[in-house]
Each structure stands twice: as C-alpha cells, then as structure tokens.
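Notes for the structure review
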Amino acid sequence: MSNGTENKLDILDWSDWKRVLCVVAHPDDTEYGLSAAVNMWTRAGIEVGYLLLTAGEAGMKRYPAEAGPLRQGEQRAACDAVGVEHLTILDHADGHLMPNLDLRRDIAREIRGYRPDVVIAQNFDVEAPWGLNQADHRAVGLATIDAARDAGNRWVFTELADDGLEPWEADLLLVAQPGNPTHGVPVDDKAVEAAVHSLECHEAYLADLPGHPAPVDFIPMMLGQAGPAMGAENGVTFRVHELGGVAKSKDAGADADEA
Ligand SMILES: [Zn+2]
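Residues numbered from 1 in each chain as written. Predicted model: local features only at pLDDT ≥ 70, side-chain atom pairs only at ≥ 80, totals over all residues.

A short note on the overall build of the protein
Regarding its fold elements, the protein presents eight helices and ten strands. For 259 residues, the compact-globule estimate of 2.2 N^0.38 gives 18 Å, and the protein sits close to it at 18 Å. Summarising its shape, the C-alpha atoms of the protein cover approximately 55 × 55 × 30 Å along the three principal directions. (Helix = DSSP H or I, 4+ residues; strand = E, 2+ residues; numbered from the N terminus. Rg over C-alpha atoms; globule rule 2.2 N^0.38 Å.)

Focus on the pairing of strand β10 (residues 235-242)
Note that strand β8 (residues 172-176) and β10 share five bridges and pair antiparallel. Residue pairing for β10: A176 is matched across the bridge by F238. Note that strand β9 (residues 183-186) and β10 share four bridges and pair antiparallel. Note that in β10 the partner of P186 across the bridge is G235. (Pairing = 2+ DSSP bridges.)

What to know about the sheet that holds β8
Think of a sheet as strands paired side by side through backbone hydrogen bonds, with each pair either parallel or antiparallel. With respect to topology, eight strands assemble into an open sheet ordered β1-β9-β10-β8-β5-β2-β3-β4, the strand pairing being mixed. The outermost strands of the open sheet, each flanked by one partner alone, are β1 (10-11) and β4 (86-89). Of the strands in this sheet, β9 and β10 are in contact with helix α8 (residues 215-226), which crosses β10 at around 55°. (Contact = placed C-beta atoms within 7 Å. Axes fitted to C-alpha atoms, helices over the stretch in contact; angles between N-to-C directions.)

Here we look at the environment of L243
With respect to the secondary-structure elements, L243 resides in the segment after β10. Sequence separation of L243 and L173 is 70 residues, and the distance between their C-alpha atoms is 6.5 Å. Residue contacts for L243: discarding those within four places in its chain leaves A148, R149, E169, A170, D171, L172 and L173.

Description of the environment of W41
Counting through the fold element by element, W41 comes out in helix α1 (residues 34-43). For the pair W41 and G83, spaced 42 residues apart in the sequence, the C-alpha separation amounts to 8.9 Å. When sequence neighbours within four positions are dropped, the list of residues in contact with W41 reads W14, W17, V20, I46 and V48.

Digging into the packing of α1 against helix α6 (residues 189-200)
Running from amino to carboxyl end, α1 crosses α6 at an angle of 125°, the nearest separation of the two axes being 8 Å. As summarised for this structure, α1 and α6 are arranged oblique, according to the angle between their axes. With respect to the hand of their crossing, α1 and α6 are arranged in right-handed fashion. Packed against α1, whose contacting residues are S35, A36, N39 and M40, the element α6 presents A191, V192, A194, A195 and S198 at the interface. Looking at the contact of α1 with α6 residue by residue, the class counts come to six nonpolar, three polar and no charged. (Parallel < 35°, antiparallel > 145°, perpendicular 65-115°, else oblique. Left-handed = near helix turned anticlockwise from the far one by under 90°. Nonpolar A, V, L, I, M, F, W, Y, C, P; charged D, E, K, R; others polar.)

Overview of the confidence of the model for the protein
It should be kept in mind that the predicted coordinates are not to be read in detail where pLDDT is low. On average, residues of the protein score 92 in pLDDT, and 92% of them are at 70 or above. Scored below 50 in pLDDT, residues 249-259 shows five contacts in the model against residues more than four places distant or in partner chains. (pLDDT = per-residue confidence, 0-100.)

Overview of α8
Count 3.6 residues to each turn of an α-helix, and residues three or four apart come out pointing the same way. If you check α8, its first and last C-alpha atoms are 16 Å apart, about what twelve residues at 1.5 Å a residue would give, namely 16 Å. All of the buried residues along α8 are I219, L223 and A226. Here the buried residues of α8 occupy an arc of 60° about the axis, which is enough to place them on one side. Residues of α8 that are exposed and point more than 90 degrees away from the buried face comprise D217 and M221. On its buried face, α8 is in contact with α1, β9, α6 and β10. (Expected span 1.5 Å × (residues − 1). Buried ≥ 20, exposed ≤ 12 C-beta atoms within 10 Å, placed from the backbone. Arc of directions from axis to C-beta.)

Put into structure tokens, the structure is as follows:
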C-alpha cells in the first residue's frame, strides 16, 4: 500500500472542537485551500465563523465604493458554500492595515463575543509558500496571534469588558498554510469540491484577474500537494500553538473568569 511517501505531519485532532474563528484581511483569503478544512468541520457540526478586517475594496479595477459591497456579497456566498453562517466584515481600509492596537482590539472583541475554542490566523510570513506575502496578510496574522491572548486578559482593552464582553481564552491558535507546518487536516472529495465552489463564488473579483487559474484547476492541485505529508490524498496544513486555555474549565463558562 505504501507509495513511498513519508508522513511528516501529525493529523490534527478536532474531535472535541465546538467553535472556530478564522481571522483574515480580505474577502477570498479563506478560499485558497483553508475552506476545505472548514467544510470538513462544519459538516461535523462544528460552528465556524469568519472575521474579515476589510471589505477588500482596493482589490479590483472598479472603484472601491463599488468593489467593497460587491466583494462582501461574494464572501457571503463563499461562506454558504462551506457551511459558515457567522461572518463579520469590519471597515478597516484595505491595503492600509498595521498590526497595531486598533487591530488587536477589534480582533479581541470578536474573539470575546464569538468564544471560539480555536482561532485561526493567516500566514504572516514575509515569504509565503506561494510567493511574497501581501502587507495586510502580514499585519492581520501578527495582530491575530496577539489578540488571541489579549482576548483572555481582563486588564488589556478594559473597554471590552465595559461593553459586556468578558475575557475568553481559546485553547489553540492555528496558523493556516504556513511555511513550517506541524499538523495536517485531511479533506475528503466533498470538501475539495466545496472549496473549489467557495473560491468560484468570488466571481467578479476573479474576472478582474485574467491570468488567474480556474479554481477547479488549481485548488484540487494545492490540496493534493499538501496531502501526502499527512498520509492523505488531499489536505490542509497548519502550525499549531497552544494558548493555555486548556488549563481552565470550559464547562464553567463565564464563571471560570470570576475572581
Ligand atoms: Zn488577501
């Protein structure tokens, strides 16, 4: 049965997850492979939410005032394609993101409100596996790793608690599709198909990029390239970091934070 491929990545155990929050800069950022893993999770009954820091209004040939609403609509359809109901799109300026306190506060606010077991950050390396990474991706990825901890600290962004948002510690922080993955999530044919469809939902956006390969051609190829390292045909890679939330009782809910 062996095809000579060495399994280098551990399989990520998501069997006890209840809620996952993916934090990205733009509409479509989750649709380049990550949405296949998302579809595996939502079909298993796990709630997955997306937080987008911008509407991606600077990503098209048409004027931002037209592109922003158009891309928000395309993102809603992409979410529907993989079973994601919860979608928050903030109005930070596309192309101008910095990993600063404003960004961290907004991400921490969403984490406290949504209360995920797992927060997923996008790749924030200067050089990503697909080439030089985009400035907003780097900013949001870095801000997300900090915000995941800020969300659990009562004494950071105290105004959030004033708004009724109590501290929340997720268990894990995952970086999606990093250059140095530790774990993999194998995905089945149905998830590959859903991932292709989720990117196809960004129809007007992709039509503005004439050289862009068709999702049906390259998404299965991407997932197929990642699969063998986890002993699967198709998969999505992650780097896993523990946030320390496992040390506290999740069942106690809000009571766990009373001191
Ligand atoms: Zn992007």
